[in-house]
Amino acid sequence: MRIFLLPLLLIPLLAACGEQGPVASMPRAPSRPAAHSSVPVAPRRQPVPAPVVHSAPGLEGVIGARTGELARLFGPPRLDVQEGDARKLQFVGPACVLDVYLYPQGGGGEVRATYVDARRSTDAKDVDRAACVAALRRK
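Bear in mind the structure is a predicted one, so any value in this text is a computation, not a measurement.

What counts and what doesn't
- In this numbering scheme, every chain counts its residues from 1 along its sequence in written order.
- Reporting in this predicted model follows two pLDDT cut-offs: at least 70 for local features of residues, and 80 or more for side-chain atom pairs to be given and counted; totals over whole chains, interfaces and linings ignore these cut-offs and use all residues.
- To obtain the side-chain values, all non-hydrogen atoms of the structure were used and water was disregarded.
- Here the term buried applies to any residue with accessible area under 20% of the maximum for its type, exposed to any over 50%, and partly exposed to those in between, with areas from a 1.4 Å probe on protein chains only.
- A helix here means a DSSP run of H or I that spans at least four residues, while a strand means a run of E at least two residues long, and both kinds are numbered starting from the N terminus.
- Summarising the geometry, the arc corresponds to the directions from the helix axis toward the C-beta atoms.
- Here, residues are in contact when the closest pair of their heavy atoms is within 4.5 Å.
- Here a polar contact is taken to be a pair of N or O atoms separated by no more than 3.5 Å, where protein atoms must pair a possible hydrogen donor with a possible acceptor and residues adjacent in sequence count only if both atoms sit in side chains.
- Only a pair of cysteine sulfur atoms within 2.5 Å counts as a disulfide in this structure description.
- Strand pairing requires that DSSP identify at least two bridges connecting the strands.
- Every angle, taken between N-to-C directions, lies between 0 and 180 degrees, and every axis is a line fitted to C-alpha atoms, over only the stretch in contact when it is a helix.
- Here the aromatic set is Phe, Tyr and Trp, taking the six-membered ring for Trp, and pairing holds for ring centres within 6.5 Å; pairs whose planes are under 30 degrees apart are stacked, those over 60 apart are edge-to-face, and all others are tilted.

Caption draft 1: Structural context of helix H3 (residues 129-136). Along H3, the residues classified as buried are Ala 130, Cys 132, Val 133 and Leu 136. Mapping the buried residues of H3 onto a view down its axis gives an arc of 160 degrees, with all of them on the same face. Its buried side turned inward, H3 meets helix H2 (67-74), strand E2 (86-92), strand E3 (96-104) and strand E4 (111-120). One side-chain oxygen at the N-terminal end of H3 lies 3.4 Å from the backbone nitrogen of Ala 130; it belongs to Asp 128.

Caption draft 2: Representation of the state of the cysteines within the structure. With the rule as written, the count across this model stands at 1 disulfide. A sulfur-sulfur separation of 2.0 Å characterises the disulfide bridge that pairs Cys 96 with Cys 132. Judged by the torsion about the S-S bond (95 degrees), the Cys 96/Cys 132 disulfide is right-handed. Of this pair, Cys 96 sits in strand E3 while Cys 132 sits in helix H3, and the two are 36 residues apart along the sequence. Here Cys 96 falls in the buried class, since its relative accessible area comes to 2%.

Caption draft 3: A look at H2. Every buried residue of H2 is listed here: Thr 67, Leu 70, Leu 73 and Phe 74. Across the axial projection of H2, the buried residues extend over an arc of 120 degrees, all falling on one side. Structurally, H2 contributes buried residues whose contacts are with E2, E3, E4 and H3. Gly 75 sits one or two positions beyond H2 and adopts a positive phi of about 90 degrees.

Caption draft 4: Broad picture of the sheet that holds E2. Strand order in the open sheet formed by 4 strands is E1-E2-E3-E4, with antiparallel pairing between adjacent strands. The strands lining the two open edges of the sheet, one partner per strand, are strand E1 (79-83) and E4. The mean angle between the axes of side-by-side strands here comes to 20 degrees, regardless of whether they run parallel or antiparallel. Seen against the sheet, H2 touches E2, E3 and E4 and runs at an angle of roughly 5 degrees to E2. Its contacts with the sheet put H3 on E2, E3 and E4, and the angle it makes with E3 is roughly 100 degrees.

Caption draft 5: How the structure looks around the packing of aromatic side chains. Scanning the entire structure with this criterion turns up 2 aromatic pairs. With a centroid separation of 5.1 Å and an interplanar angle of 45 degrees, the aromatic rings of Phe 74 and Phe 91 are classed as tilted. With Phe 74 in helix H2 and Phe 91 in strand E2, the pair connects residues that are 17 residues apart, well separated along the chain. Like Phe 74, the residue Phe 91 is buried in the burial classification. When the ring of Tyr 101 is compared with that of Tyr 115, the centres are 6.0 Å apart and the planes differ by 40 degrees; the resulting orientation is tilted. In this pair, Tyr 101 sits in strand E3 while Tyr 115 sits in strand E4, placing the two residues 14 residues apart along the sequence.

This is the structure:
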């Protein structure tokens, strides 16, 4: 008998969920025609700041290097990612993974390495960047 009473007790609760009161609305402001100008205005372009070059002992020959120079130092990159005017090359060896970030220098010329990041191949923990460069460098 109790099993049949439970659905009957839930009917008023379900009915309350379906009730909706009056919906208040805000009057819209009259739309105004957009002011049109006969001369199109070009968006302002902010000058792109020069990239910050991060150098440290042991990174000589890497920081400031071009793509071809990096390939001669470490071999072909495992990844070569282009994003806008920036580029990321990834070099991998048994000891570590080296990510080299390249940005255009000066007047938008050829990209050069401005920053490197290094981590272990096994667990992605940070490692000394110069030690990774030395481990990956071709003899």
